[in-house]
Amino acid sequence: MVAGFGVAIPVGAIAVLVMGLAARTSFRVGAAAALGVATADGLYAAVAAIGGVALAATIAPVAGPLRVVAAVVLLGLAAHTACRALRPAAVPAAERPGMDSPSRAFAGLLALTLLNPATVVYFAALVLGRRDAADPDAGTAGAFVLGAFLASASWQLLVAGSGTLVGRVLAGRRGRLVTALVSSAVIATLALTMLLAG
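Throughout this description, residue numbers start from 1 for each chain and increase along the sequence as written. Only residues with pLDDT of at least 70 are given local features in this predicted model, and only at 80 or more are side-chain atom pairs given and counted; all residues enter the totals for whole chains, interfaces and linings. Side-chain measures were taken over the full set of non-hydrogen atoms in the model, leaving aside hydrogen atoms and water.

## Structural notes on the UniProt feature "transmembrane region" (unreviewed entry) in the chain
Applied cut-off: UniProt positions are given in the numbering used here, feature names are shortened, and annotations may be inferred rather than shown by experiment. Going along the chain from the N terminus, every DSSP run of H or I of four or more residues is numbered as a helix, and every run of E of two or more is numbered as a strand.
With numbering matched to this structure, UniProt assigns "transmembrane region" (unreviewed entry) to residues 6-23, 106-129, 141-165 and 177-197. For the annotated span residues 141-165, helix accounts for 100% and strand for 0% of the residues, and the straight-line distance between the end C-alpha atoms is 36 Å.

Written as C-alpha coordinates, this is what we have:
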(Lines give C-alpha, C1' and ligand atoms only; values in the text may rest on other atoms or scores of the structure.)
Protein backbone atom coordinates (compact mmCIF):
# COMPACT_ATOMS: atom_id res chain seq x y z
CA MET A 1 0.00 0.00 0.00
CA VAL A 2 2.91 2.33 0.67
CA ALA A 3 3.92 1.92 -2.99
CA GLY A 4 0.41 2.86 -4.10
CA PHE A 5 0.31 5.94 -1.87
CA GLY A 6 3.77 6.90 -3.14
CA VAL A 7 2.55 7.12 -6.71
CA ALA A 8 -0.94 8.50 -5.93
CA ILE A 9 -0.36 11.26 -3.37
CA PRO A 10 1.74 13.74 -5.36
CA VAL A 11 -0.80 16.20 -6.74
CA GLY A 12 -0.41 16.48 -10.48
CA ALA A 13 -2.62 17.11 -13.46
CA ILE A 14 -4.55 13.85 -12.98
CA ALA A 15 -5.51 14.68 -9.37
CA VAL A 16 -6.57 18.17 -10.41
CA LEU A 17 -8.65 16.68 -13.22
CA VAL A 18 -10.36 14.21 -10.84
CA MET A 19 -11.09 17.00 -8.36
CA GLY A 20 -12.34 19.34 -11.08
CA LEU A 21 -14.64 16.67 -12.54
CA ALA A 22 -16.12 15.95 -9.12
CA ALA A 23 -16.56 19.66 -8.39
CA ARG A 24 -18.33 20.36 -11.70
CA THR A 25 -20.44 17.20 -11.96
CA SER A 26 -21.00 14.80 -9.06
CA PHE A 27 -19.23 12.45 -6.70
CA ARG A 28 -20.32 9.52 -8.91
CA VAL A 29 -18.43 10.95 -11.88
CA GLY A 30 -15.44 11.90 -9.71
CA ALA A 31 -15.38 8.46 -8.09
CA ALA A 32 -15.48 6.77 -11.51
CA ALA A 33 -12.56 8.94 -12.63
CA ALA A 34 -10.71 8.11 -9.40
CA LEU A 35 -11.24 4.38 -9.99
CA GLY A 36 -9.97 4.79 -13.56
CA VAL A 37 -6.73 6.23 -12.17
CA ALA A 38 -6.47 3.47 -9.56
CA THR A 39 -7.10 0.79 -12.20
CA ALA A 40 -4.23 2.15 -14.31
CA ASP A 41 -1.98 2.20 -11.23
CA GLY A 42 -3.00 -1.39 -10.43
CA LEU A 43 -2.34 -2.51 -14.02
CA TYR A 44 1.08 -0.88 -13.99
CA ALA A 45 1.85 -2.44 -10.60
CA ALA A 46 0.89 -5.85 -12.04
CA VAL A 47 3.03 -5.33 -15.13
CA ALA A 48 5.95 -4.25 -12.94
CA ALA A 49 5.53 -7.23 -10.60
CA ILE A 50 5.47 -9.63 -13.56
CA GLY A 51 8.21 -8.18 -15.75
CA GLY A 52 9.27 -4.76 -14.53
CA VAL A 53 12.86 -4.80 -15.76
CA ALA A 54 12.03 -5.81 -19.32
CA LEU A 55 9.08 -3.41 -19.57
CA ALA A 56 10.96 -0.43 -18.13
CA ALA A 57 13.72 -1.00 -20.71
CA THR A 58 11.15 -1.34 -23.52
CA ILE A 59 9.25 1.82 -22.56
CA ALA A 60 12.35 3.97 -21.99
CA PRO A 61 12.87 4.84 -25.71
CA VAL A 62 9.25 6.02 -26.09
CA ALA A 63 8.88 7.70 -22.71
CA GLY A 64 9.46 11.16 -24.24
CA PRO A 65 6.80 10.82 -26.97
CA LEU A 66 4.31 9.34 -24.48
CA ARG A 67 4.89 12.31 -22.17
CA VAL A 68 4.23 14.69 -25.09
CA VAL A 69 1.00 12.84 -25.99
CA ALA A 70 -0.15 12.98 -22.36
CA ALA A 71 0.67 16.71 -22.14
CA VAL A 72 -1.20 17.46 -25.40
CA VAL A 73 -4.26 15.53 -24.20
CA LEU A 74 -4.17 17.41 -20.89
CA LEU A 75 -3.88 20.76 -22.70
CA GLY A 76 -6.88 19.78 -24.82
CA LEU A 77 -8.86 18.91 -21.69
CA ALA A 78 -7.87 22.20 -20.07
CA ALA A 79 -9.00 24.16 -23.14
CA HIS A 80 -12.24 22.16 -23.39
CA THR A 81 -13.03 22.74 -19.70
CA ALA A 82 -12.33 26.48 -19.97
CA CYS A 83 -14.44 26.84 -23.14
CA ARG A 84 -17.37 24.99 -21.58
CA ALA A 85 -17.14 27.13 -18.45
CA LEU A 86 -17.26 30.33 -20.49
CA ARG A 87 -20.17 29.14 -22.65
CA PRO A 88 -23.72 29.82 -21.47
CA ALA A 89 -25.19 26.74 -19.78
CA ALA A 90 -27.93 26.25 -22.39
CA VAL A 91 -27.19 22.57 -23.05
CA PRO A 92 -28.16 20.21 -20.22
CA ALA A 93 -25.13 18.53 -18.64
CA ALA A 94 -26.30 15.05 -19.64
CA GLU A 95 -26.24 16.04 -23.33
CA ARG A 96 -22.79 17.62 -23.33
CA PRO A 97 -19.81 15.68 -24.68
CA GLY A 98 -16.80 15.04 -22.47
CA MET A 99 -16.29 13.18 -19.21
CA ASP A 100 -19.62 14.06 -17.60
CA SER A 101 -20.74 10.44 -17.15
CA PRO A 102 -19.17 7.83 -14.86
CA SER A 103 -18.28 5.49 -17.73
CA ARG A 104 -16.63 8.24 -19.79
CA ALA A 105 -14.81 9.60 -16.74
CA PHE A 106 -13.50 6.11 -15.88
CA ALA A 107 -12.34 5.41 -19.45
CA GLY A 108 -10.84 8.87 -19.91
CA LEU A 109 -8.83 8.85 -16.70
CA LEU A 110 -7.76 5.23 -17.21
CA ALA A 111 -6.38 6.17 -20.65
CA LEU A 112 -4.69 9.35 -19.43
CA THR A 113 -3.04 7.58 -16.50
CA LEU A 114 -1.84 4.76 -18.77
CA LEU A 115 -0.07 7.41 -20.89
CA ASN A 116 2.28 8.06 -17.95
CA PRO A 117 5.26 5.70 -18.37
CA ALA A 118 6.83 7.06 -15.17
CA THR A 119 4.27 5.04 -13.19
CA VAL A 120 5.47 1.68 -14.50
CA VAL A 121 9.10 2.71 -14.05
CA TYR A 122 8.30 3.67 -10.42
CA PHE A 123 6.64 0.32 -9.71
CA ALA A 124 9.40 -1.59 -11.55
CA ALA A 125 12.04 0.10 -9.38
CA LEU A 126 10.14 -0.89 -6.25
CA VAL A 127 9.77 -4.48 -7.44
CA LEU A 128 13.48 -4.68 -8.31
CA GLY A 129 14.39 -3.30 -4.90
CA ARG A 130 12.67 -6.15 -3.09
CA ARG A 131 14.86 -8.96 -1.77
CA ASP A 132 12.72 -11.57 -3.56
CA ALA A 133 12.77 -9.78 -6.94
CA ALA A 134 14.84 -12.54 -8.55
CA ASP A 135 12.31 -15.20 -7.53
CA PRO A 136 8.96 -13.50 -6.86
CA ASP A 137 6.16 -15.61 -5.47
CA ALA A 138 2.61 -15.25 -6.78
CA GLY A 139 1.21 -14.37 -3.34
CA THR A 140 3.72 -11.58 -2.79
CA ALA A 141 3.18 -10.19 -6.29
CA GLY A 142 -0.61 -10.33 -5.82
CA ALA A 143 -0.40 -8.57 -2.47
CA PHE A 144 1.82 -5.88 -4.02
CA VAL A 145 -0.67 -5.26 -6.86
CA LEU A 146 -3.71 -5.30 -4.56
CA GLY A 147 -2.03 -2.95 -2.07
CA ALA A 148 -1.02 -0.51 -4.82
CA PHE A 149 -4.57 -0.52 -6.25
CA LEU A 150 -6.27 -0.06 -2.86
CA ALA A 151 -3.94 2.76 -1.83
CA SER A 152 -4.38 4.57 -5.14
CA ALA A 153 -8.17 4.06 -5.06
CA SER A 154 -8.52 5.34 -1.50
CA TRP A 155 -6.44 8.44 -2.22
CA GLN A 156 -8.15 9.22 -5.53
CA LEU A 157 -11.59 8.78 -3.93
CA LEU A 158 -10.52 11.24 -1.22
CA VAL A 159 -9.52 13.68 -3.97
CA ALA A 160 -12.91 13.17 -5.68
CA GLY A 161 -14.73 13.67 -2.36
CA SER A 162 -12.80 16.89 -1.78
CA GLY A 163 -13.79 18.06 -5.25
CA THR A 164 -17.43 17.29 -4.51
CA LEU A 165 -17.29 19.33 -1.30
CA VAL A 166 -15.67 22.23 -3.15
CA GLY A 167 -18.35 21.90 -5.83
CA ARG A 168 -21.13 22.12 -3.24
CA VAL A 169 -19.57 25.19 -1.69
CA LEU A 170 -19.21 26.80 -5.11
CA ALA A 171 -22.45 25.47 -6.61
CA GLY A 172 -23.60 28.69 -8.26
CA ARG A 173 -22.85 29.68 -11.85
CA ARG A 174 -20.00 31.97 -10.79
CA GLY A 175 -18.51 29.31 -8.48
CA ARG A 176 -18.61 26.69 -11.24
CA LEU A 177 -17.01 29.16 -13.64
CA VAL A 178 -14.18 29.95 -11.20
CA THR A 179 -13.47 26.31 -10.35
CA ALA A 180 -13.52 25.28 -14.03
CA LEU A 181 -11.15 28.09 -15.04
CA VAL A 182 -8.80 27.48 -12.11
CA SER A 183 -8.82 23.75 -12.86
CA SER A 184 -8.09 24.44 -16.55
CA ALA A 185 -5.22 26.79 -15.69
CA VAL A 186 -3.64 24.30 -13.27
CA ILE A 187 -3.99 21.39 -15.72
CA ALA A 188 -2.50 23.49 -18.54
CA THR A 189 0.40 24.60 -16.32
CA LEU A 190 1.14 21.03 -15.27
CA ALA A 191 0.93 19.84 -18.88
CA LEU A 192 3.37 22.56 -20.01
CA THR A 193 5.70 21.67 -17.15
CA MET A 194 5.55 18.05 -18.31
CA LEU A 195 6.48 19.12 -21.85
CA LEU A 196 9.34 21.34 -20.69
CA ALA A 197 10.70 18.66 -18.35
CA GLY A 198 10.86 16.16 -21.24
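## A word on the nonpolar core
Applied cut-off: Take the buried Ala, Val, Leu, Ile, Met, Phe, Trp, Tyr and Cys residues and link them wherever side-chain atoms come within 4.5 Å; each set so joined is a nonpolar core. Only protein chains enter the accessibility calculation, which uses a 1.4 Å probe; a residue whose area is less than 20% of its type maximum is buried, one above 50% is exposed, and one in between is partly exposed. Residue contacts follow a heavy-atom distance rule, with two residues in contact if any of their heavy atoms lie within 4.5 Å.
L17, V18, L21, M99, A105 and L109 are the most contacted members of the largest nonpolar core, which has 22 residues in total. Elements that contribute at least two residues to this core include exactly α2 (13-24), α3 (27-59), α4 (63-86), α5 (102-114) and α7 (138-169). A total of seven residues in this core trace back to one element, the largest contributor, which is α2. A105 has contacts with L21, V29, A32, A33 and M99, leaving out every residue within four places of it along the chain.

## Thoughts on empty space enclosed by the protein
Inclusion rule: A 1.4 Å probe that fits into a set of points on a 1 Å grid over the protein atoms alone but cannot get out defines a cavity; an open set with protein on both sides within 12 Å along at least five of seven lines defines a pocket, and lining residues are those with an atom within 4 Å of a point. Grid points are joined across faces, edges and corners, and a volume is the space filled by probe spheres set on the points. Following the grouping adopted for this structure description, the nonpolar residues are Ala, Val, Leu, Ile, Met, Phe, Trp, Tyr, Cys and Pro, the charged ones are Asp, Glu, Lys and Arg, and the polar ones are all others, Gly among them.
Within the structure shown, the criterion is met by one cavity of 30 Å³ or more. Within this model, the largest cavity holds a volume of roughly 60 Å³. Around the largest cavity, the lining residues are L17, L21, R24, L77, H80, T81, R84, G98 and M99. Looking at the lining of the largest cavity, the element that brings in the most residues is α4, giving four residues. Each residue belonging to the lining of the largest cavity can be placed in one class, and the counts come to four nonpolar, three polar and two charged.

## Focus: the packing of α2 against α5
We count it as follows: With axes taken as lines fitted to C-alpha atoms, and helix axes fitted only over the stretch in contact, angles between N-to-C directions fall between 0 and 180 degrees. Orientation categories follow fixed angle ranges, with anything under 35 degrees roughly parallel, anything over 145 roughly antiparallel, 65 to 115 roughly perpendicular, and all other angles oblique.
Relative orientation of the contacting elements α2 and α5 amounts to 170°, with a least axis distance of 11 Å. Considering their axes alone, α2 and α5 lie roughly antiparallel with respect to each other. Every residue of α5 that contacts α2 at I14, L17, V18 and L21 is listed here: A105, L109, L112 and T113. Across the contact of α2 with α5, the residue classes tally to seven nonpolar, one polar and no charged.

## Notes on the confidence of the model for the chain
Quick reminder of the rule: The quantity called pLDDT is the predictor's confidence in a given residue, expressed from 0 to 100.
Chain-level pLDDT for the chain is 75 on average; 68% of the residues reach the 70-or-more range. When the elements of the chain are averaged for pLDDT, helix α6 (residues 117-129) gives the smallest value, 62, and α5 the largest, 91. With pLDDT under 50 throughout, residues 131-135 is counted as low confidence; its partners more than four residues away or in other chains account for three contacts.

## Observations regarding the environment of L109
Its place among the elements puts L109 in helix α5. The class for L109 is buried, based on a relative accessible area of 0%. For L109 and A33, which are 76 residues apart along the polypeptide, the C-alpha to C-alpha distance reads 5.5 Å.

## Focus: α2
Side chains of residues three or four places apart in an α-helix project in the same direction, reflecting 3.6 residues per turn. Put simply, the test is: The span one expects for a helix is its residue count, reduced by one, times 1.5 Å.
With 12 residues, α2 extends 16 Å from end C-alpha to end C-alpha; this agrees with the ideal 16 Å at 1.5 Å per step. Counted residue by residue, α2 has 10 buried out of 12 residues, so it is predominantly covered. Among the residues of α2, those classed as buried are A13, I14, A15, V16, L17, V18, G20, L21, A22 and A23.

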